[in-house]
Amino acid sequence: MSNIYRSRIDRMLIQTAGSPFITSKLEDLFYFSGFTGDFGYLVLSNPKSYLITTKMFLNEVNSSVDTSIFDVRLVDKSKIFSELIDILIDIQSPEIFICSTNAGVSNFIKVIDTAKDKRLFGLNKKLLSLRDDHFSVGNVKIYFREYLSDKVRSVKDENELNILRNNLLLSDEGFLYILKFIKPGVTEREISIEMEYYLKLKGADEMSFQTIVASGIRSSMPHGRASNKVISNGEPIVIDFGIKKDMYCTDTTRTVFLGTPTQKMKDVYNIVLEALNEGIAYVRSGIKIEDLDKRVRSVIEKYGYGEYFTHSTGHGVGLEIHEYPFISKDNEDELKEGMVVTIEPGIYIPNEFGVRIENMVFVKKNSSEVLTSLTTDMIIL
């Protein structure tokens, strides 16, 4: 694993041209160091990197962090920022990078304040200016770039891909199990609880998110959390679910029908499926993300349902359930080989019904691979 972490750190430092990168995001802490505690700071730099956390996480450090890569500092929580400043003084870099999508950015302002007494940014100089992408503090520039570490994490290595494959096999099993449980008279909440119980019993650490079970008219709600509504014959049921195991998430949606669906329901299902297949066929390294969104959306628009596709086409999945890249009309970036994204078109007709189908897809150089093994054929229970 040491080589994996060194490679990840190197990839991160390429993004900063060798300047130090600081993060407190838990997913970053795990990704770059293997640390599984729920509080700490990483300073990635050359020739060595640092992990600052509290003494309560000694066991997590001993079991998962390679001290040949990281200089580990165990301090009282009240001294975290002071310790961080000491490290930055040792490094003496004219540029420092942080990620603007990290919730700890506001805390970094406290670091600057702490630094005034430690002569890091010059003789007690305060924040001098705030530019579009950096602070100027004394003679040090502190850059805050959007999705900086997220973009590094978006490209999965073979180890990550294997974990995702295995996790999907388990979550797929949970879906096949719950199909046998669904019948007239059960509630959405009962379906959700039974599915989550089964998956956790089979080895899931937790669910990636609160399971969505929305039936009948409620299926027209894209994020219809499971309610006490009773399932009836002739209804569509949207089930959006995922597990988290070994730190990585899955995300899958299927729409099934209890009893024979109406012709309109069948037509809408087939339109959504066509949009899904169109998107999967288009995925490859180098395509513009906005073009992928347009490609999927155009299928639904062609049949006159464009106004009922009310969310983005998909998103990255990994250590977070929703992570970079976000598949939307506003993203001008390109897909890269190694990314894992969802394609999840949907049509939601108010006061009638909705349909969504979602697969996880691995981006390859000249094609894509569907990681979700569940059938996308219409399921009628």
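Residues numbered from 1 in each chain as written. Predicted model: local features only at pLDDT ≥ 70, side-chain atom pairs only at ≥ 80, totals over all residues. Heavy atoms only, no water.

Some details on the nonpolar core
Core analysis: the biggest nonpolar cluster contains 37 residues, and Phe32, Leu44 and Phe70 have the highest contact counts within it. Of all the elements in the fold, those that place two or more residues in this core are α1 (2-15), α2 (26-33), β2 (41-44), β5 (95-99), α6 (148-153), α7 (158-181), β13 (248-249) and β20 (359-363). Contact partners of Phe32, with chain neighbours within four places excluded, come to Tyr5, Arg8, Ile9, Met12, Leu42, Leu44, Phe70, Ser149 and Val152. In terms of nonpolar packing, the next biggest core, distinct from the first, is built from 34 residues, Val155, Val299, Phe309 and Val341 among them. (Core = buried A, V, L, I, M, F, W, Y, C linked by side-chain atoms within 4.5 Å. Buried < 20%, exposed > 50% of the residue type's maximum accessible area, 1.4 Å probe, protein only. Helix = DSSP H or I, 4+ residues; strand = E, 2+ residues; numbered from the N terminus. Contact = heavy atoms within 4.5 Å.)

Description of the pairing of strand β17 (residues 340-343)
Two faces belong to every sheet, and in a regular strand the side chains alternate between them. Burial along β17 is two-sided: Val340 and Thr342 facing one way and Val341 and Ile343 facing the other are all buried. In the sheet, β17 pairs with β20 via 4 bridges, with the strands oriented antiparallel. What sits directly across from Thr342, in β20, is Met360. (Pairing = 2+ DSSP bridges.)

Remarks on the sheet that holds strand β14 (residues 252-258)
Spatial strand order, β10-β11-β14-β22: 4 strands in an open sheet with mixed pairing. Every other strand in the sheet has two partners, leaving β10 (212-215) and β22 (379-380) as the edge strands with one partner each. In terms of strand pairing, strand β11 (residues 235-241) meets β14 through 7 bridges, oriented antiparallel. Residue Ile237 lies in a different strand from β14, and its bridge partner there is Val256.

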